[in-house]
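If you want the building blocks of each chain, they are given just below.
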Amino acid sequence: MSRLQWVTRVVKPAAFLGASIPLLDLLREAFLGGDLGPDPVRHIQHVTGIACLALLLATLTITPLRRYLHLGQLIKLRRMLGLWAFTYASLHFLTYLIFDQSLDVSRIMADTVKHPRIYVGFAAFLILLALALTSTDASVRRLGKRWVTLHRWIYLAVLFGIIHFAMVQKLDYRIPLVWGAGFLVLMLSRIRRRASQRPPPVAAHGVVSAASGD
Amino acid sequence: MLIRRPDDIRPDEITPEKLFWSRREFLVAAGVSGAGLAAMSLPDLGPRFRRSGPDPDTPTPYDTVTGYNNYYEFSTDKEEVRTLAAGFHTKPWTVRVEGECAKPATVDLDVLLKGLTVEDRTYRHRCVEAWSMVVPWNGVPLAEVLKRFEPTSKAKYVEFTTVLDPKDMPGQNYPILPWPYLEGLRMDEAMHPLTLLVTGIYGKPAPPQNGAPLRLVVPWKYGFKGAKSIVRIRFVEQQPVNTWQRAASNEYGFYANVNPTVDHPRWSQARERRLGEFFRRPTLMFNGYADQVASMYAGMDLRANF
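Note that the structure is a prediction, hence the values are computed from the model and not measured. (Residues numbered from 1 in each chain as written. Chains lettered and ligands numbered in written order. Predicted model: local features only at pLDDT ≥ 70, side-chain atom pairs only at ≥ 80, totals over all residues. Heavy atoms only, no water.)

**Some details on the packing of helix H3 (residues 75–100) of chain A against helix H5 (residues 116–133) of chain A**
All names here are of chain A. Note the following rule: For helices, the fitted axis covers only the stretch in contact; all axes are lines through C-alpha atoms, and the angles between them, taken along N-to-C directions, range from 0 to 180 degrees. Strands here mean DSSP runs of E at least two residues long; helices mean DSSP runs of H or I at least four residues long; both are numbered from the N terminus. An angle counts as roughly parallel when it lies under 35 degrees, as roughly antiparallel when it exceeds 145, as roughly perpendicular when it falls between 65 and 115, and as oblique in every other case. Handedness of a crossing is defined here by the sense of rotation of the near helix relative to the far one, left-handed for an anticlockwise turn of less than a right angle and right-handed for a clockwise turn. Note on definitions: a residue-residue contact is assigned when non-hydrogen atoms from the two residues lie within 4.5 Å.
At a closest axis distance of 10 Å, the pairing of H3 and H5 adopts a crossing angle of 140°. Viewed along their axes, H3 and H5 adopt a mutual orientation that is oblique. Like other packed secondary-structure pairs, H3 and H5 cross with a definite hand, here left-handed. In contact with Leu 83, Phe 86, Ala 89, Ser 90, Phe 93 and Tyr 96 of H3, H5 contributes Ile 118, Phe 122, Phe 125, Leu 128, Leu 129 and Ala 132.

Printed below as a string of structure tokens:
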């Protein structure tokens, strides 16, 4: 089995399965005699929010991992992980719209304008939406270099996501800080690489690989 | 005239039978719009998951009341507190009553409550985090206990202190809050007939995660006002700085009256989620106890005194 085949036939399906576990677990808890806990909506929001953050950080880990493992083929995972992150973000956002706000538009608007936690989260969602919509091969081809620029917004989405998570906490910021530290490490690895004056093969290679389809 | 023992949930708050049987009208009346339709197609996942139904104040199941606890002395994870508090020793337990009173004393809990009738009081319980439950508490009116120590005219406030015991309370090893936990009430609030010193829930001794062996319950205030595992009660002249106010004075105040019109800086207090339900319900002024307590705050700016 070639390295590419190993990635596409083993690693990728395994990653897909891993990414689906939080969702499958929620479905099991809701429908298969499990238990969503005392505050089901909060539980769903927590699980989907954490899953989204974890998958976003996973997409940011792909680039350094390719370099360290000398396994460029891992790029084949990135779009899938990003779309899973978007899936969890959508579920997270939908539970807010439906259960927290009963789809009441004026209430949602008021909450969004008034509370930074909501608009920061909403901004992160809008970025992920834009990235998901332009994740197709056709978009990559059509947008060319602009695609790379657009998809750098992922960094801001992750930052907003972590801030949004921290703003839910009541004084105990230990867990958001761990996520923040993970994000920082991933960002520093990029900054260091840029500083070392090498051409950034990461994004360019990413475009080529993504454009080649998988 | 003072009603000595007001009904916990007044009859007029209970949904009339006619309304009970006309759920559609109820939903419309309750202002549940588009989502109401979505709710109807939700699968019924058992009693714990039923959406906001026609019976608004059903006691929250015992397992939920004892399994979902904000008790930072043990953990900031509400679902972890039950396990961590399991071995907490609540016997013997002494309480020091001191400050501006004629008869300060350190007494055993049994002595503190001796001769008082433990009453059943089912109260709505509203957390500042915008979730709520209905708890059948057992306890004695705080006023009955306080009178025994003969507070003087200088006693304008009462201060409650939770035990400091980092060995048995793992959360106290982290400086998330300034320990020990401290709460306070104005004298009239403390003497109000609704204010309860709780020893039990559902007719059983309260388990440690619910604040055993002695906790405060002030049903028209956010839950954090209810100091747990109390070891000290102090009559003071100056308004105490309660723990949450000390930790974040822009977010948590001294009064902490449930008020749907004054938001927490980071989230709305207009609506709440009753544990086990999917949709939020409107939060009631003073948590629905306005008739009994609003007069204490007449003329006060509740936005400034949040």
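**Side note on the sheet that holds strand S6 (residues 182–186) of chain B**
Residues and elements named next belong to chain B. The test is simple: Pairing between two strands requires that DSSP report at least two bridges joining them.
Read from one edge of the open sheet, 5 strands run S2-S1-S10-S5-S6, paired in mixed fashion. Looking at strand neighbours, the two that pair on one side only are strand S2 (105–108) and S6, the edges of this open sheet. Put simply, the sheet's adjacent strands are angled 20° from each other on average, direction ignored. Across 6 bridges, the pairing between strand S5 (residues 157–162) and strand S10 (residues 230–236) is antiparallel.

**Considerations on the confidence of the model for chain B**
Residues and elements named next belong to chain B. The cut-off we apply is this: Values of pLDDT, the confidence the predictor places in each residue, fall between 0 and 100.
When pLDDT is averaged along chain B, the result is 87; 82% of the residues meet or exceed 70. With pLDDT under 50 throughout, residues 15–54 is counted as low confidence; its partners more than four residues away or in other chains account for 55 contacts. Complex prediction metrics read pTM 0.83 and ipTM 0.82.

**Some words on the interface of chain A and chain B**
Let me state the cut-off plainly: Note on definitions: buried area is the accessible-area loss of two parts on being combined, 1.4 Å probe, summed for both. Salt bridges are counted wherever a side-chain nitrogen of Lys or Arg sits within 4 Å of a carboxyl oxygen of Asp or Glu.
Taken together, the contact pairs 33 residues of chain A with 38 residues of chain B. Of the roughly 2900 Å² buried between chain A and chain B on both sides combined, carbon and sulfur atoms contribute 54%. Among the residues of chain A in contact with chain B, Pro 38, Lys 170 and Leu 171 of chain A are the three that bury the most area, contributing 26% of the side total. Run the count over chain A and chain B and you get 5 salt bridges. Between Lys 170 of chain A and Glu 129 of chain B there is a salt bridge, and its shortest N-O distance comes to 2.8 Å.

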